[in-house]
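Remarks on the overall topology
Each chain is listed here by its residues.
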Amino acid sequence: MSKILVTGGCGYIGSHTVVDLTDHGFNAISADDFSNSHQKMVDGISSLINKKHVNYEVNLCDMEATERIFKENPDIEAVIHFAAHIYVPESVENPIKYYRNNLNNLLNVMECCKRYGVDNLIFSSSCAVYGNTKELPVTESTPFGEAECPYARTKQMGEQIIRDFCLANPKFNAVLLRYFNPAGSHESSKIGEAPILENTHLVPILTEVAIGHRKSMTVFGTDYPTRDGSCVRDFIHVMDLAHAHTKAVEYLLQKKNETNCDVFNLGIGDGVTVLEAINAFEKINGIKLNYSLGERRAGDVAAIYADTSKSKNKLGWTPKRNIEDIVKSAWDWERNKSWLTE
Ligand code: UDP
């Protein structure tokens, strides 16, 4: 059983990836300091993988603590690096927090890979690297645009750091995965999106309004040049996204990569507007949401969705779920997640 280190493995996408890796025969351990995840998520993961999940409570900006994980686990074959701060508005308000964390922890993880002979890295990047591009759908060769926020810039810089490292270390292999908009939860409702910090992502805001934790929500911007004036995003179900990581690990371990730094878009390949996502939620769950139409939010791009042909052809990955599956599973999770904070 190949051992995979998943940083941020008790967070949203990380936890789903640990479960998917285990379902496909890998031994996934994680490093998560619970700065934006619940300790109890370990129990949720454990109940799905039928064994006690092993997590190291480590802040990866601490090099010594990070190194201990690699020392204790000389059999790690690949690292999936999720651990990062992820909120666009917070990054606009507090850029230093984003640069300090997202770059330092990546550098430490890579330094450890080098010192301990781990030759495979999968990096959580984002479609935010494309900026406000006119070229839609975006392909992996669409050039980086001007980053719209510090969060996006940390992902551009992270990719560049990994590229330089791959050039200098031809034996080292990296896959950069550019996520579009992950949402939804595991079908069991045992794990899902449950940040500690205030969430600013759209789908969990819909569920928080539906359950009454928020009185209402605002659609940020209705004057964008899109079919209904609200932003267009490519919402990808978190379980499909998690499975793409398993595929990427297999791709590297089976040495199917043609270059030592490969990049893939992970989206559904179809744009959904914010208003369409709200309508899908209302229809599938039979709930009316209290929302108003408001001003644009700083840092947002108007529209972005993926060309997914490369991930389909090379990784052999095809997403199976759509926006209806996303909003249904997100609502199921919202109604089940109270045990996390009890
Ligand atoms: N959005 C919104 N109201 C909210 C939260 C988000 O209208 O309360 C919009 C946001 O402006 C963007 C889209 O939903 O156009 C997706 O935002 P999210 O923060 O979920 O992801 P991002 O695309 O910024 O990574």
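Rules used throughout
Residues numbered from 1 in each chain as written. Predicted model: local features only at pLDDT ≥ 70, side-chain atom pairs only at ≥ 80, totals over all residues. Heavy atoms only, no water. Axes fitted to C-alpha atoms, helices over the stretch in contact; angles between N-to-C directions. Helix = DSSP H or I, 4+ residues; strand = E, 2+ residues; numbered from the N terminus. Parallel < 35°, antiparallel > 145°, perpendicular 65-115°, else oblique. Left-handed = near helix turned anticlockwise from the far one by under 90°. Contact = heavy atoms within 4.5 Å. Nonpolar A, V, L, I, M, F, W, Y, C, P; charged D, E, K, R; others polar. 1 Å grid on protein atoms, 1.4 Å probe; cavity = no way out; pocket = protein on both sides within 12 Å on 5 of 7 lines; lining within 4 Å. Points joined across faces, edges and corners; volume = space filled by probe spheres on them. Pairing = 2+ DSSP bridges.

**Points about the packing of helix α3 (residues 63-72) against helix α5 (residues 95-115)**
Relative to each other, α3 and α5 sit at 40 degrees, their axes nearing to 10 Å. Between α3 and α5, the angle is such that the two are oblique. Once α3 is placed against α5, the crossing between them reads as right-handed. Residues Met63, Thr66, Glu67 and Phe70 of α3 touch α5, and the partners they reach there are Asn108, Val109, Glu111, Cys112, Cys113 and Arg115. Split by residue class, the contact of α3 with α5 holds five nonpolar, two polar and three charged.

**A closer look at empty space enclosed by the protein**
To find the voids left in a structure, one rolls a probe of water-molecule size over its atoms. Tallying each qualifying case throughout the model produces two cavities of 30 Å³ or more. In this structure, the largest cavity spans a volume of roughly 80 Å³. Broken down by secondary-structure element, the contributors of at least two residues to the lining of the largest cavity are α7 (202-211) and α11 (323-336). Along the lines of polarity and charge, the residues of the lining of the largest cavity split into five nonpolar, three polar and three charged. There is about 30 Å³ of room inside the second largest cavity. Lining the second largest cavity are His81, Phe82, Ala83, Ala84, Asn102, Asn105, Leu106, Phe123 and Lys155. Residues of the lining of the second largest cavity, tallied by class, amount to five nonpolar, three polar and one charged.

**Details of the layout of surface pockets**
Considering only enclosed or pocket space, the second largest pocket measures out at about 150 Å³ in volume. Residue lining of the second largest pocket: His38, Ala194, Pro195, Ile196, Leu197, Asn199, Glu208, His213, Glu334, Lys337, Leu340 and Thr341, and that is the complete set. Each residue belonging to the lining of the second largest pocket can be placed in one class, and the counts come to five nonpolar, four polar and three charged.

**Considering the sheet that holds strand β11 (residues 261-266)**
The strand order across the open sheet built from seven strands is β3-β2-β1-β4-β5-β6-β11, with neighbouring strands paired in parallel fashion. Each edge of the open sheet carries a strand with a single partner, namely β3 (55-56) and β11. Examined bridge by bridge, strand β1 (residues 3-7) and strand β4 (residues 76-81) share five bridges and lie parallel to one another. Residue pairing in the sheet places Lys3 in a bridge with Ile76 of β4. Along the sheet, helix α1 (residues 12-23) makes contact with β1, β2 (27-31), β4 and β6 (173-179), crossing β1 at roughly 170 degrees. Against the sheet, α5 contacts β1, β4 and β5 (120-126), and its axis sits at roughly 170 degrees relative to β4.

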